[in-house]
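Analysis of the macromolecular model
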Amino acid sequence: MTAALVVGAAGGAWAWDSHQGDVATRQANAADRAVAVAEAQASDVDVTVGHDAALDRARVAVVLVEARGGLQETADTARSALAATEGKIADDTVRQTLAAQLVVADAALAAVPATSPDTAVATSSGPTAAPSSDPSDPSDPSDPAAGYSAADLRAITATLSTGTAAVMAAHDAWTAQQAAVAAPAAKRPTPRPAAVAPRPAPTRAPSCETTYTGPPFYTSPPTVGGDGSNGKLPPSALTAISWAKDPHGTPYYLRTNAAAALERLDSAFRAAFGHHLGLDLTYRDYDTQVEMRAALGTVAARPGTSTHGTGLALDVPELPCQYGWDTPQRDWLVTHGPSYGWTSPAWAHRDGSNPEYWHFDYVG
Ligand SMILES: [Zn+2]
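Values in this document were obtained by computation on a predicted structure and should not be read as measured data.

**What about helix H5 (residues 93-111)?**
Spanning 19 residues, H5 covers 27 Å between terminal C-alpha atoms, matching the ideal 27 Å at 1.5 Å per step. Listing the buried residues of H5 in full gives Arg95, Gln96, Leu98, Ala99, Gln101, Leu102, Val104, Ala105, Ala107, Ala108 and Leu109.

Right under this line is the structure:
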């Protein structure tokens, strides 16, 4: 379908919609539109204001859908890259980074409809499918319901592309290294034809899809002017972890003693696994705790009580294949973490009150 067709259809839908006063008032932007129409009528001007706004809104919707399409393609490519490079890469950190970026992308894809609400209007009847964002501001092509603008989606797409390129470059390097190692061996005479070794039965690896299904949340920077209470820790109370930042570029902050202990833990973890410990969230400020509680319900701690708000908790990525129950990484963390002061609290255990394989607390 061409953009022009969508725009035209949407314009018609709006014209129809503008006569359905009671129904249209349910839309978030109805009041603005009604004012525009009333003003136009009062000044005896042809009611083209609403129509122009509808055109703008339709263009916005088309741009958003196009941006979503680009993100979907890039996310598919990234997922394929992750699947193709598992165990075939020297440093898994780039894969973990990409997996974290995919979490962000998937949340955005889930939040933004795959088709424009205007397109839906064109093929259905009734105003309930009418667009919900403000048509008076086409410079901000965002859908308040979804919370993402086209620019947001393009930014996520760009990050994902960079992450995918990094993974594929690392994989290429690994492949070249494997070939170099294999080449001299291939030249050696083989005393007898090598028996075809039975391939080991494929073990059913845990999924690399994230188990997190909520909206994206990010780790918090220190709270400037914070009074030191839960979620209000000032910069002087926190230290950034040295090896990673979140997808927004925010360093992972922890209370200084917890950060120092985690640096030591990470050295040991890296010696065991060849890559840094993955992080998803560490310090969480009060405002973010409020947002998470609103979005996730009782799965999130009551605002002001989260150990993330004290700078003494971390979440590793919610990736079952990396850190899920019974993975070597989680087993290592549970076994060795306590000697660095980091433990999996009882409530987060598999049989605990709120099982979270990804959550660890610093208890000193
Ligand atoms: Zn947590």
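**Points about the confidence of the model for the protein chain**
For the protein chain, per-residue confidence averages 74 on the pLDDT scale, and residues scoring 70 or more make up 67% of the total. Under a pLDDT of 50 for its full length, residues 1-50 has, in the predicted model, 51 contacts with residues more than four places off or in other chains.

**Thoughts on the nonpolar core**
Among the nonpolar cores identified, the biggest contains 24 residues, and Leu71, Tyr148, Leu153, Ile156 and Leu160 are the most heavily contacted of them. Listed by contribution, the elements that provide at least two residues to this core are helix H4 (49-85), H5 and helix H7 (150-187). Per-element tally for this core: the top contributor is H5, with eight residues. Core analysis: the next-biggest nonpolar cluster, separate from the first, contains 22 residues, Tyr252, Ala258, Leu262 and Leu314 among them.

**A look at the environment of valine 60**
Tracing the sequence through the fold places valine 60 in helix H4. With 90 residues separating them in the primary sequence, valine 60 and alanine 150 have C-alpha atoms 8.3 Å apart.

**Looking at the pairing of strand E3 (residues 238-245)**
Pairing geometry for E3 and strand E4 (residues 251-255), over four bridges, is antiparallel. Paired with alanine 240 across the strands is tyrosine 253, a residue of E4. Here E3 folds back onto E4, and the loop between the two strands holds five residues, one of which, glycine 249, carries a positive phi near 90°.

**Focus: the pattern of salt bridges**
Applying the stated criterion across every chain yields a total of three salt bridges. For aspartate 92, the salt bridge identified is with arginine 95, shortest N-O distance 3.1 Å. No difference in accessibility class separates aspartate 92 from arginine 95, as the two residues are buried.

**What to know about unusual backbone geometry**
Positive phi is not limited to glycine here, since aspartate 326 has a value of about 70°. Looking at where aspartate 326 falls in the secondary structure, it is placed in the loop between helix H10 (320-323) and helix H11 (328-336). Taking the relative accessible area as the measure of exposure, aspartate 326 reaches 54% and is therefore exposed.

**Brief notes about the packing of aromatic side chains**
In total, this model carries seven aromatic pairs according to the counting rule given. Taking 4.7 Å as the distance between ring centres and 40° as the angle between the ring planes, the aromatic pair formed by phenylalanine 269 and phenylalanine 273 counts as tilted. Taken as a pair, phenylalanine 269 and phenylalanine 273 lie in helix H8 (residues 256-273) at a separation of four residues, close to a single helical turn. Judged by its relative accessible area of 24%, phenylalanine 273 is partly exposed. Grouping aromatic residues by their ring pairs yields a cluster made of Phe269, Phe273, Tyr323 and Trp332. Lysine 232 extends its terminal NZ or CZ atom over the ring of tyrosine 286, reaching a point 4.9 Å from the ring centre.

**Considering the environment of alanine 166**
Looking at the element boundaries, alanine 166 is found in helix H7. As a C-alpha pair, alanine 166 and arginine 95 span 71 residues in sequence and 8.4 Å in three-dimensional space.

**Concerning the packing of H8 against H11**
At a minimum axis separation of 11 Å, H8 and H11 run at an interaxial angle of 140°. Along this stretch, H8 crosses H11, giving a crossing that reads as right-handed. Residues Leu265, Ala268, Phe269, Ala272 and Phe273 of H8 form the contact with H11, whose participating residues are Pro328, Gln329, Trp332 and Leu333. Along the lines of polarity and charge, the residues of the contact of H8 with H11 split into eight nonpolar, one polar and no charged.

**A short note on the sheet that holds strand E7 (residues 359-362)**
Strands sit in the order E5-E7-E6 across an open sheet of three strands; the sheet is antiparallel. Both edges of this open sheet fall to strand E5 (313-315) and strand E6 (342-343), since each of them pairs with a single strand only. As defined by bridge partners, E5 adjoins E7 across three bridges and the pair is classed as antiparallel. Directly across from leucine 314, in E7, lies its bridge partner phenylalanine 360.

Calculation notes
- Residues numbered from 1 in each chain as written.
- Predicted model: local features only at pLDDT ≥ 70, side-chain atom pairs only at ≥ 80, totals over all residues.
- Heavy atoms only, no water.
- Helix = DSSP H or I, 4+ residues; strand = E, 2+ residues; numbered from the N terminus.
- Expected span 1.5 Å × (residues − 1).
- Buried < 20%, exposed > 50% of the residue type's maximum accessible area, 1.4 Å probe, protein only.
- pLDDT = per-residue confidence, 0-100.
- Contact = heavy atoms within 4.5 Å.
- Core = buried A, V, L, I, M, F, W, Y, C linked by side-chain atoms within 4.5 Å.
- Pairing = 2+ DSSP bridges.
- Salt bridge = Lys/Arg side-chain N within 4 Å of Asp/Glu carboxyl O.
- Phe/Tyr/Trp six-rings, centres within 6.5 Å; stacked < 30°, edge-to-face > 60°.
- Lys NZ or Arg CZ within 6 Å of the ring centre and 35° of its normal.
- Axes fitted to C-alpha atoms, helices over the stretch in contact; angles between N-to-C directions.
- Left-handed = near helix turned anticlockwise from the far one by under 90°.
- Nonpolar A, V, L, I, M, F, W, Y, C, P; charged D, E, K, R; others polar.

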